[in-house]
Every structure is written in C-alpha cells, then in structure tokens.
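Structural description and commentary
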Amino acid sequence: MSFNIAVDGPAGAGKSTIAKRVAAALSFHYVDTGAMYRAIALYLIRSGIPPEDTEAIGNACRDIPISIGYSGQEQQVFLNGENVTGELRAEKVGNMASIVSANPMVREALLSLQRRLAREQDVIMDGRDIGTNILPEAQLKIFLTASTEKRADRRYRELLEKGEPADFEKIRRDIEERDNRDRNRKTAPLRQAPDAVLVDTTDMDIDQVTERILELYRERAVR
Ligand code: DC
C-alpha cells in the first residue's frame, strides 16, 4: 500500500517548497494539485471562457485533456500534450484558478486523477482539500499555515528575486481575497481536517518545517 502525506493550507504558507523538500528526502512523488487547477484556469483563459460562464466551464471540464508527468522530481503538467508547467505560476492564472476551483464540476474533473496518483505511488500531495476530501485515509495530514503578513512577504520576495514587478499591498490584498474564496466556497472549502497536525510556519525557516514533517512521518511510518 502506498504512503500518502496530505498537506493543506492557505496560499503562500510554503506548502510547495516544503512538500518538494520532503519528497526529495523520502523519495516520494510530489503532487502539486494547485498546478492542476491552474492548468484548467489556463485552458479557460486561452479559450476565452469567463469564470462566471459555469455552463461552458462544465462542458469544457468533461474533456479537458490534463495529464501529469515527472522530470526527475519535478511535476510537469500537460494540456493537450503541451507542457504548460512554466505558465502556471502567473498571478493572472492563480487568480483565475482560485475563482474556478469553487466550481464543483472543475473539482470533480480532477478528483479521480488525484486519487489515482496517490493510490499508485508514495506521494506528498498539497492543496486545499487533500486531507478532508481527496485523501481522507492519508497516513499523515499536515495543515500548514502562517500569518497573512508573512505569506505576503514571502510572495513579494519571491517575485523580486525573479526580477518581476511586485507591489506588497496588492499581494496582501490578493492573498486575503484568495483565502476568503478558498475558505468560504460551498464545495470542498479549505479546512483543517480533525486529524491533521497544525504547523504554523510564521517563525520557522524551511529547514525547521521540513524536519518537523519528517519527524511526524517517522513517527507514523511503521511499515
Ligand atoms: O496552491 P495554488 O496557489 O497553486 O492554488 C491555486 C488555486 O487553486 C487556489 O487559489 C485554490 C485552488 N486549489 C484548490 O481549490 N484545491 C486544491 N487542492 C489546490 C488548489
């Protein structure tokens, strides 16, 4: 049986950075479910389908050709066979993903893909509803969070490092809006699962958070 680690939490808590580190340490696959929602968002943007056109989104979801591959440890997302991984982190795509991920048809379209990946291999999977909805039987569940200020500051620095324009106040507002949408939507809202371990990364660095999760893994991994 595969070992599954579920990591949920708000935008900018450090989920993907930490999950990648843990995956490398344990030789697990890292499954970034946000990238799948982003791929659907990119598809809708490219097709000119607006987020409020639920009927067109429902139709599109019936046959959105998304697939996942790996280049070493790095997850690659393919849309119609085209590797779109490099385009998924744009703010525009993230905001669209946050809006359309509230649509039950969009979530349904990704559910079986996510469950299949976790059934077939040891994974650390991050997202918003992994511990509560996608992998309720995961052997280890983490709820990763940090203060809004700190999360905005991390995004801001990340953009500056990449040489991209960054406006701290705008980033903070976007994060707040995204949190609100993710927490208050009807379908699969962001929630801490009752059996998830809360890890607040506000005052922790990447090494400390990684070590904390590896420690929790070792406590549970009696195989
Ligand atoms: O983690 P991220 O920023 O790449 O996610 C982009 C958006 O996708 C986020 O605002 C919420 C949504 N999402 C979701 O609803 N469920 C998931 N399991 C992962 C992401």
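Parameters at a glance
- The residue numbers shown here count from 1 along each chain, following its written sequence.
- Residue-level local features of this predicted model are given only where pLDDT is at least 70; pairs of side-chain atoms are given and counted only at 80 or more, and the full residue set underlies all totals for whole chains, interfaces and linings.
- Only hydrogens and water are removed before side-chain values are computed, so all heavy atoms of the structure are retained for them.
- UniProt positions are given in the numbering used here, feature names are shortened, and annotations may be inferred rather than shown by experiment.
- A cavity here means a set of 1 Å grid points, computed over protein atoms only, where a 1.4 Å probe fits but cannot escape. A pocket is an open set with protein on both sides within 12 Å along at least 5 of 7 lines, and lining residues have an atom within 4 Å of a point.
- Grid points are joined across faces, edges and corners, and a volume is the space filled by probe spheres set on the points.
- Secondary structure elements follow DSSP: runs of H or I of four or more residues count as helices, runs of E of two or more count as strands, with numbering from the N terminus.
- Ten residue types, Ala, Val, Leu, Ile, Met, Phe, Trp, Tyr, Cys and Pro, are classed as nonpolar, four, Asp, Glu, Lys and Arg, as charged, and the remainder, Gly among them, as polar.
- Consider each residue's heavy atoms; a residue with any of them within 4 Å of a molecule or strand counts as near.
- Any pair of nitrogen or oxygen atoms within 3.5 Å is treated as a polar contact; in protein, a donor-acceptor pairing is required on top of that, and neighbouring residues in sequence qualify only through side-chain atoms on both sides.
- Each accessible area value is a Shrake-Rupley result obtained with a 1.4 Å probe; residue values ignore everything except the protein chains displayed when judging cover.
- Should more than half of a molecule's atoms lie within 2 Å of a pocket's or cavity's grid points, that molecule is taken to sit in it.

In the annotation of an unreviewed UniProt entry, the entry for the chain reads Cytidylate kinase, and the organism field reads Candidatus Limivivens intestinipullorum. The UniProt entry for the chain carries the following text under Subcellular location (unreviewed entry): "Cytoplasm".

Quick word on empty space enclosed by the protein
As enumerated under the stated definition, the model contains 1 cavity of 30 Å³ or more in all. The wall of the largest cavity is formed by Glu91, Arg155, Ile171, Asp174, Ile175 and Arg178. Among the elements that line the lining of the largest cavity, the one with the most residues is helix α8 (residues 168-184), at 4 residues. When grouped by side-chain class, the residues that make up the lining of the largest cavity number 2 nonpolar, no polar and 4 charged.

Some remarks on the UniProt feature "domain: Cytidylate kinase" (unreviewed entry) in the chain
The positions that UniProt labels "domain: Cytidylate kinase" (unreviewed entry) are, in the present scheme, residues 5-218. What you have in residues 5-218 is 52% helix and 17% strand, and the ends, taken at the C-alpha atoms, are 12 Å apart.

Overview of the site of the ligand
Among the 16 residues in the neighbourhood of the ligand, the closest are listed as Thr33, Arg38, Arg107, Arg128 and Arg185. A distance of 2.7 Å separates an oxygen atom of the ligand from a polar atom in the side chain of arginine 38. Here a nitrogen atom of the ligand sits 3.2 Å away from a polar atom, N or O, in the side chain of aspartate 129. Burial of the ligand by the surrounding chains reaches 96%, relative to a free accessible area of 450 Å². Of the pockets mapped on this structure, the ligand occupies the largest pocket. When contributions to the shell around the ligand are tallied by element, the ones reaching two or more residues are α2 (33-47), α4 (91-100) and α8. The dominant element in the shell around the ligand, judged by the number of residues it contributes, is α2, at 4 residues. Per-class residue counts for the shell around the ligand are 3 nonpolar, 5 polar and 8 charged.

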